[in-house]
Amino acid sequence: MLLRAASLIELLAQRAMSAERLYHEQQIESTRSTELRQAAELASDAMVGEIAALRTQLAEVTAAAAAERAAFDAERGKLLSLMQHAESHIGKLTSELDSLRASVDRFNETSVAVPIEVLRLARTQFDYLSNGFARKGDVISQAMSEIGGFAIDQALTGKKTDSA
């Protein structure tokens, strides 16, 4: 019985040592877990602070972007208005240019550009013809020559008044 009791005591002693060793391991594990939890809490607090700072920065950047977008939209509106005004002005000028071209085309259909010296030379020739027809007594040809000379005088006089 003593052997059995000694064997039981030895078994209980081993169990007690195992329990004590297990207790120490769990205590070390608990201490380590507590340290890790504290480190995780510190890291979490740092992350929360960093997230708050990033949110603040994001809000600032978003506000700045919104302000820039509003300024861009305002400038874009101004430019669109200027562009529409310019297009309207171009349309009016194009219409006016077309009208002037049509007027010049109508004018070109009814007139010819002749240098003034050529007109003066023609006037001198009409005077010479008129004098020649007057000497011969051809009154009709003389009158026609004088009418031609008068027309040239009118063209030359009209040119002088246009220039003045």
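Residues numbered from 1 in each chain as written. Predicted model: local features only at pLDDT ≥ 70, side-chain atom pairs only at ≥ 80, totals over all residues. Heavy atoms only, no water.

Enquirer: Lay out the overall build of the protein in plain terms, naming residues and giving numbers.
Expert: When helices and strands are tallied, the protein shows three helices and zero strands. In the protein, the succession of helices and strands from N to C terminus is α-α-α. For 164 residues, the compact-globule estimate of 2.2 N^0.38 gives 15 Å, and the C-alpha radius of gyration of the protein, at 58 Å, exceeds that figure by more than 25%. Over its C-alpha atoms, taken along the principal directions, the protein stretches across nearly 185 × 25 × 20 Å. Expressed as a percentage of the 164 residues in the protein, the buried residues total 5%. (Helix = DSSP H or I, 4+ residues; strand = E, 2+ residues; numbered from the N terminus. Rg over C-alpha atoms; globule rule 2.2 N^0.38 Å. Buried < 20%, exposed > 50% of the residue type's maximum accessible area, 1.4 Å probe, protein only.)

Enquirer: Give a description of a nonpolar patch on the surface that names residues and reports values.
Expert: There is a patch of nonpolar side chains on the surface, built from Leu8, Leu11 and Leu12 and spanning about 280 Å² of accessible area. Positionally, Leu8 belongs in helix H1 (residues 2-110). (Patch = residues over 30% accessible without salt bridge, like charges linked within 9 Å, V, L, I, M, F, W, Y side chains within 5 Å. Areas by Shrake-Rupley, 256 points an atom, 1.4 Å probe, with all protein chains shown as cover. Salt bridge = Lys/Arg side-chain N within 4 Å of Asp/Glu carboxyl O.)

Enquirer: Account for the environment of Glu50, naming residues and giving values.
Expert: Take Glu50: it is sitting in helix H1. According to the relative accessible area criterion, Glu50 is partly exposed, its value standing at 47%. Through-space distance from the C-alpha of Glu50 to that of Ala5 is 65 Å; in sequence the pair is 45 residues apart.

Enquirer: Lay out helix H2 (residues 116-136) with the relevant residues and their values.
Expert: Given a rise of 1.5 Å per residue, 21 residues ought to cover 30 Å, and the 30 Å separating the end C-alpha atoms of H2 matches this to within 8%. Taken residue by residue, H2 has Ala122, Ser130 and Gly132 as its buried positions. The arc that holds every buried residue of H2, seen down its axis, measures 165°, which confines them to one face. Residues of H2 that are exposed and point more than 90 degrees away from the buried face comprise Glu117, Leu121, Tyr128 and Arg135. (Expected span 1.5 Å × (residues − 1). Arc of directions from axis to C-beta.)

Enquirer: An account of the confidence of the model for the protein is requested, with residue identities and associated values reported.
Expert: Overall, the prediction assigns the protein a mean pLDDT of 91, with 96% of residues at 70 or greater. Element-level pLDDT for the protein is lowest in helix H3 (residues 139-163), with a mean of 83, against a maximum mean of 94 in H1. (pLDDT = per-residue confidence, 0-100.)

Enquirer: I'd like a description of the pattern of salt bridges, backed by residues and values.
Expert: This structure, assessed with the given rule, holds six salt bridges. Salt-bridge contacts for Glu29 lead to Arg32; the nearest nitrogen and oxygen are separated by 3.7 Å. Taken together, the residues Glu29 and Arg32, both in helix H1 and three residues apart, mark about one turn of the helix. Residue Arg32 is classed as partly exposed on the basis of its relative accessible area of 47%. Note that Asp73 and Arg69 form a salt bridge whose closest N and O atoms lie 3.6 Å from each other. Of this pair, Asp73 and Arg69 are both found in helix H1, four residues apart, which corresponds to roughly one turn of the helix.

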